[in-house]
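Structural description and commentary
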Amino acid sequence: MKQRLIVATNNRHKAEEIKEMMMDLDFEVLSLADIGIDVDVEENGTTYAENALIKAMALRDLTDGWILADDSGLEIDALNRQPGIYSARYLGEDTPYMIKNSMILDKLMEAEDRSARFVCSIALVFEDGSYWITVNKCEGSISESIAGINGFGYDPIFIPEGYSQTFGVLPSEIKNKISHRAKALQAVVQYCKLLAEESYV
Ligand code: ITT
């Protein structure tokens, strides 16, 4: 029987990416929407890892199965690594990303250094309350203009290292191989394979 894995996010784009990347694996991957749960967890941690664990642990009493939560963000060096863990709330939680992205480009108008990275921590919580956490990143830079409609959030202004187009333009097949979230999920899968071989963990 497939292991039931609940993806503890209210961000449907994240849930879709995670489902797509875990499609061929031996998990029954379900989002909060799939199991009819609607919770808003206060993210009061000071790191991505803390927040990922807070989100995953909050779901433990509400459902069965393993729980996976993602906390992620964009760090822009010229802005002292803002917005970082505050990425969802930066410039207003309800401000459309078209406006947020254009405000960021304005802030970087004079910047010589456009380097940036996406960071993603994934926490995996097991039924007995034990957990495992990974943090991964995807280096890149902020584009000169907003480009593309693929992905979500800051994707239209982020160019991953080794490419000349934003995640908003690049197809999801590429983002899902090289992104911060893709790397974190690759680590999850590797850990789950070790778990299956018991003697290693
Ligand atoms: P949950 O907490 O319910 O998972 P959220 O969107 O609030 O949903 P976070 O607190 O982790 O999630 O905030 C992450 C924010 O970082 C997200 O809202 C985007 O603004 C940005 N972000 C993270 N990953 C991204 C990606 O792959 N592409 C574009 N923007 C991303």
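In this text, all values refer to a predicted model and were calculated from it rather than measured experimentally. Per chain, residues are indexed from 1 in the order of the written sequence. Per-residue local features of the predicted model are confined to residues with pLDDT of at least 70, and side-chain atom pairs are confined, for both listing and counting, to 80 or more; whole-chain, interface and lining totals are unaffected and use all residues. Here the side-chain values reflect all heavy atoms present in the structure, with hydrogen atoms and water set aside.

Now for the overall build of the protein chain. Runs of H or I in DSSP of at least four residues are treated as helices and runs of E of at least two as strands, each being numbered from the N terminus. If you tally the helices and strands in the protein chain, you get five helices and seven strands. Along the chain direction, N to C, the helices and strands of the protein chain fall in the order β-α-β-α-β-β-α-β-β-β-α-α. For the protein chain, the C-alpha radius of gyration of 17 Å lies close to 17 Å, the compact-globule estimate for 201 residues. Its C-alpha atoms put the protein chain at 55 × 30 × 25 Å along the principal axes. When accessible area is computed with a 1.4 Å probe and restricted to protein chains, residues below 20% of their type maximum are described as buried, those above 50% as exposed, and intermediate ones as partly exposed. Taken over 201 residues, the protein chain has a buried fraction of 48%. Across the protein chain, every contact between residues at least 6 apart in sequence was considered, and the portion connecting residues at least 24 apart equals 57%. Methods summary: accessible areas were calculated by the Shrake-Rupley approach with a probe of 1.4 Å, and residue burial reflects only the protein chains presented. Of the roughly 10,600 Å² that the protein chain leaves accessible, carbon and sulfur atoms contribute 49%. Placing the 19 positive and 33 negative side-chain charges of the protein chain at their respective mean positions leaves the two points 2 Å apart. Only C-alpha atoms enter the radius of gyration; for comparison, a globular chain is expected to reach 2.2 Å times N to the power 0.38, where N is the number of residues. Contact between two residues is taken to exist if any of their heavy atoms lie within 4.5 Å; hydrogens are not considered. Charge counting treats Lys and Arg as positive and Asp and Glu as negative, with His and both chain ends excluded. The atoms used to mark charge sites are NZ of Lys, CZ of Arg, CG of Asp and CD of Glu.

Spanning 17 residues, helix α5 (residues 180–196) covers 25 Å between terminal C-alpha atoms, matching the ideal 24 Å at 1.5 Å per step. Residues of α5 that are buried include every one of H180, R181, A182, A184, L185, A187, V188, V189, Y191 and C192, and no others. Where the residues of α5 are buried, they touch α1 (12–21), β2 (27–31), β3 (66–76), β5 (115–125), β6 (131–142) and α4 (172–178). Capping the start of α5, S179 holds a side-chain oxygen 3.2 Å from the backbone nitrogen of R181, two or three residues further along. Downstream of α5 by one or two residues, E198 has phi in the positive range, about 35°. One less than the residue count of a helix, multiplied by 1.5 Å, gives the span that helix is expected to have. For the purposes of these results, a polar contact is taken to be a pair of N or O atoms within 3.5 Å, where, inside protein, one atom must be able to donate a hydrogen and its partner to accept one; residues adjacent in sequence count only when each atom of the pair is a side-chain atom.

Aromatic rings from Phe, Tyr and Trp, with only the six-membered ring used for Trp, were paired whenever their centres fell within 6.5 Å, and each pair was classed as stacked if the ring planes differed by under 30 degrees, edge-to-face if by over 60, and tilted otherwise. Applying the stated criterion to the full structure yields eight aromatic pairs. Their ring planes at 20° and their centres at 6.4 Å tell us that F118 and F167 sit as a pair that is stacked. Remark: F167 occurs in the loop between β7 (158–160) and α4 and F118 occurs in strand β5; sequence separation between them is 49 residues. Residue F167 is classed as buried on the basis of its relative accessible area of 1%. Each ring, one from F126 and one from Y191, has its centre 6.4 Å from the other, and the planes form 40°; the classification is tilted. Of this pair, F126 sits in the loop between β5 and β6 while Y191 is found in helix α5, placing the two residues 65 residues apart along the sequence. Note on accessibility: F126 and Y191 belong to one class, buried. Connected via pairs of aromatic rings, a cluster forms that spans F27, W66, F126, W132 and Y191. Of note, K175 hangs over the ring of F167, and the distance from its end group to the ring centre comes to 5.6 Å. The rule for a charge over a ring is simple: NZ of Lys or CZ of Arg within 6 Å of the ring centre, and within 35 degrees of the ring normal.

The subject of this paragraph is the pattern of salt bridges. Any Lys or Arg side-chain nitrogen located within 4 Å of an Asp or Glu carboxyl oxygen qualifies as a salt bridge. Evaluated as defined, the whole model comprises 15 salt bridges. A salt bridge links R81 to E75; the shortest N-O distance between them is 3.3 Å. The exposure class of E75 is buried, given its relative accessible area of 8%. With its nearest N and O atoms 3.9 Å apart, the salt bridge here joins E144 to R114. With E144 in the loop between β6 and β7 and R114 in the loop between α3 (97–107) and β5, this pair connects stretches of sequence that are 30 residues apart. When salt bridges with common partners are traced through the structure, they connect K14, E17, D70, D155, K175 and R181 into a single cluster.

At least two DSSP bridges between two strands are required for those strands to pair. Pairing between β5 and β6: eleven bridges, direction antiparallel. Paired with L124 across the bridge in β6 is W132. Taken together, β5 and the strand that follows it, β6, pair antiparallel across an intervening segment of five residues, in which G129 is found at a positive phi of about 95°.

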